[in-house]
Amino acid sequence: MNSEQSQTNRALINPEQLQLLLNTETVQMLFTDVAFPVNYVSKQSEKCYIPDSKLFDFDSVFVDKDSGLPHSLPPPTYFAQQMSKLGISNNATLVIYDDQGSFSAPRAWWMLKIMGHKRVFVLDGGLQAWIDAGFKVQPTLLQNPQKTNYQVKFNSDLLVNKQHIMDNLNNPDFTVVDARSPARFNGTEAEPRKGVRSGHIPHSHNLHYAQLLNDGKFIDTASIRRLFKPFTNAANVQLHFSCGSGVTACILALAAYQIGIENWSVYDGSWSEWGADPLCPIE
């Protein structure tokens, strides 16, 4: 990938750029998905994958199983162990994709960024974009990879927790942006998870993740900037992204990264944690 492409696609890569990258760099392909219904689903009647893809499973493997919350970020040492079992090299360029457009892959991208991986991209439009471009697929994932010794350099700046949000509810520079639908954000639609209240974090803003996607691909950077403009007028603003369970918040995070926003983080517990805690205020 040349420098112009790198600057234009800071987090995203299209199929043609990926094909070029596969011929010029050490690339490891990671397929991911998530086990709850979404607006954009695979158009393929049978499972298929980009050749030599490995499964990055953040539903049941790359997850903190003791947190009591869905999709929680696992401890760095455990993450490193699982990456080693998956045969991932610290020096490889990682490209993540899903078969739901660009729905699940941003979550894996954020996890890899927070664990310190240097070069990681999301295939814009996912598997369908690859197929539409005329490139080959295969029916199975890569099995029995050679184990590596993956090392993590955890970047806590990309993570915000419940207490930090609570402490900054009245801080005008501390901005929470919620990726859920307007109906869920406004509390006019019931939450899908039992025991979780309806509403939103006080003083938070709503930007539905679907506004950033068009048929599974991210909208252009100028349009992303327009959507983010209401939250980025202040010079010292800090953006903290939330959603239902920490997945679609990462779509907002990737979009922010794509347009050059540097001061951002993801609330990993998101509304699954906040909405279930009676001590957390809601609007």
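Residues numbered from 1 in each chain as written. Predicted model: local features only at pLDDT ≥ 70, side-chain atom pairs only at ≥ 80, totals over all residues. Heavy atoms only, no water.

Caption draft 1: Broad picture of unusual backbone geometry. Positioned with a positive phi, N144 is a non-glycine residue whose angle comes to about 50°. Relative to the elements of secondary structure, N144 occurs in the loop between α5 (126-132) and β6 (159-160). Taking the relative accessible area as the measure of exposure, N144 reaches 75% and is therefore exposed. Phi is positive for S270, close to 50°, though the residue is something other than glycine. (Helix = DSSP H or I, 4+ residues; strand = E, 2+ residues; numbered from the N terminus. Buried < 20%, exposed > 50% of the residue type's maximum accessible area, 1.4 Å probe, protein only.)

Caption draft 2: Representation of the sheet that holds strand β7 (residues 174-178) within the structure. With respect to topology, five strands assemble into an open sheet ordered β6-β12-β11-β7-β8, the strand pairing being parallel. With one partner strand each, in any of the chains shown, β6 and β8 (205-206) form the two edges of the open sheet. Summarising the sheet, β7 and β8 pair through two bridges and their orientation is parallel. Counted as the bridge partner of V177 is H205 from β8. (Pairing = 2+ DSSP bridges.)

Caption draft 3: Representation of the layout of surface pockets in the model. By volume, the second largest pocket is sized at about 250 Å³. Lining of the second largest pocket is provided by 16 residues; of these, L159, V160, N161, D268 and G269 occupy positions nearest its centre. Split into classes, the residues belonging to the lining of the second largest pocket amount to eight nonpolar, four polar and four charged. (1 Å grid on protein atoms, 1.4 Å probe; cavity = no way out; pocket = protein on both sides within 12 Å on 5 of 7 lines; lining within 4 Å. Points joined across faces, edges and corners; volume = space filled by probe spheres on them. Nonpolar A, V, L, I, M, F, W, Y, C, P; charged D, E, K, R; others polar.)

Caption draft 4: Structural context of the packing of aromatic side chains. Here the structure, examined in full by the defined rule, presents twelve aromatic pairs. Aromatic side chains F103 and Y209 sit 5.5 Å apart centroid to centroid with 75° between the ring planes, which places their arrangement in the edge-to-face category. Taken as a pair, F103 in the loop between β4 (93-97) and α4 (105-114) and Y209 in the loop between β8 and β9 (213-214) lie far apart in primary sequence, 106 residues in all. Comparing F103 with Y209, the two get one shared label, buried. Measuring from centroid to centroid gives 6.0 Å for W109 and W264, while their planes differ by 20°, and the two rings are stacked. Remark: W264 occurs in strand β12 (residues 264-267) and W109 occurs in helix α4; sequence separation between them is 155 residues. For the pair W109 and W264, one class covers both residues: buried. (Phe/Tyr/Trp six-rings, centres within 6.5 Å; stacked < 30°, edge-to-face > 60°.)

Treat this as a map of the structure, not an account of what it does.
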